[in-house]
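Examining the three-dimensional arrangement
Each chain is listed here by its residues.
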Amino acid sequence: MNVNPHLILLILSFLTDRHQIVKFNGHYSSNRTLSTGAPQGSVISPILFTLYTDDCRSSDPEMLYIKYSDDTVIINTTNSNNRISKEIHSFAGWCENYLDLNTSKTKEMLVYFRRGQPTAATLEVNRQTIERVEEYKYLGTTIDHKLTFKTNGELILSKCQQYLFFLRKMRMFPVQPSVLQAFYKSFVESNTDLQYHALLKSSEPRRVELRIARSFPLTSPERPSHAEEPAHGYETDYRF
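Here the residue numbering is sequential within each chain, running from 1 through the sequence in written order. In view of the model being predicted, local features appear only for residues whose pLDDT reaches at least 70, and side-chain atom pairs are presented and counted only at 80 or more, with totals across whole chains, interfaces and linings using the full set of residues. Side-chain calculation: all heavy atoms of the structure are included, whereas hydrogens and water are not.

- The name an unreviewed UniProt entry gives the protein is Reverse transcriptase domain-containing protein, with Synaphobranchus kaupii as the organism.

Encoded structure:
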């Protein structure tokens, strides 16, 4: 790698000889020197962690690694129990040299669309059986084993209804319409926009009615028109 040696020295100075003190109820702990990790809140720390885990990848073309910070998902598109077992053990071996693998938080989910559950051997990592689940929450989205996103849609609706309750309470006070609109866009519309396509994939068609004040001119030009939406999806209806 053609890296400027001054940059290497700068990163080395950034990561070494770091000290930590804990304050609790006015009392201070002893000074400890940190030998691992990168400071949280720093712009360069996520970049360094990405470089650190860059070689964590599969040699199998039918295995896909999705990495976000320290959360890793392995997607297997094969029907071979031996290949997925070999891949999991290879990943666990990589973690032994670089990171600690928390097997208690590691889950397995089989995605299938038939009525009967497919036959698949249970996975074991470090002599611990990996729990098999039908739903898993990853990066704020609840994914189910049939990819219906039903539970995910219900959670979003429940969250939006709570925010709309607070919005209605705020309207009882002399709050500027611009503040109410900012609240709506920050807490309600941000959730529906982020999960919009997941909402459209819900297996049970439901109508999402977001009742807001008449003074809120809400537009979402990035969204597809109703003509482009599937017949069995979520439909957002803004009522003024």
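**Some details on helix α5 (residues 177-194)**
- With 18 residues, α5 extends 24 Å between its outermost C-alpha atoms, agreeing within 8% with the 26 Å of an ideal straight helix rising 1.5 Å per residue.
- When the local axis directions of α5 are compared, the greatest deviation, roughly 35 degrees, occurs at Lys185. Only DSSP runs of H or I covering at least 4 residues are called helices, and only runs of E covering at least 2 are called strands; the numbering of each starts at the N terminus. Working rule for helices: expected span equals 1.5 Å times residues minus one. At any given residue, the bend is defined as the angle formed between two axes, one fitted to the seven residues that end at that position and one fitted to the seven that begin there.

**Remarks on the packing of aromatic side chains**
- Here the aromatic set is Phe, Tyr and Trp, taking the six-membered ring for Trp, and pairing holds for ring centres within 6.5 Å; pairs whose planes are under 30 degrees apart are stacked, those over 60 apart are edge-to-face, and all others are tilted. One pass over the structure, following the stated rule, counts four aromatic pairs.
- With a centroid separation of 5.8 Å and an interplanar angle of 65 degrees, the aromatic rings of Phe165 and Phe166 are classed as edge-to-face.
- We call a residue buried when its accessible area falls under 20% of the maximum for its residue type, exposed when it is over 50%, and partly exposed in between, using a 1.4 Å probe and counting protein chains only. For Phe165, a relative accessible area of 41% translates into the label partly exposed.
- Judged by its relative accessible area of 47%, Phe166 falls in the partly exposed class.
- Ring plane angle 35 degrees and centroid distance 4.8 Å describe the contact between Phe183 and Phe187, whose orientation is recorded as tilted. Here Phe183 and its partner Phe187 are both found in helix α5, four residues apart, which amounts to about one turn of the helix.
- Three or more aromatic residues joined by ring pairs form one cluster here, namely Tyr163, Phe183 and Phe187.
- Two conditions define a charge sitting above a ring: the NZ of Lys or the CZ of Arg must be within 6 Å of the ring centre, and it must be within 35 degrees of the ring normal. Lying over the aromatic face of Phe14, Arg18 brings its terminal NZ or CZ to 5.0 Å of the ring centre.

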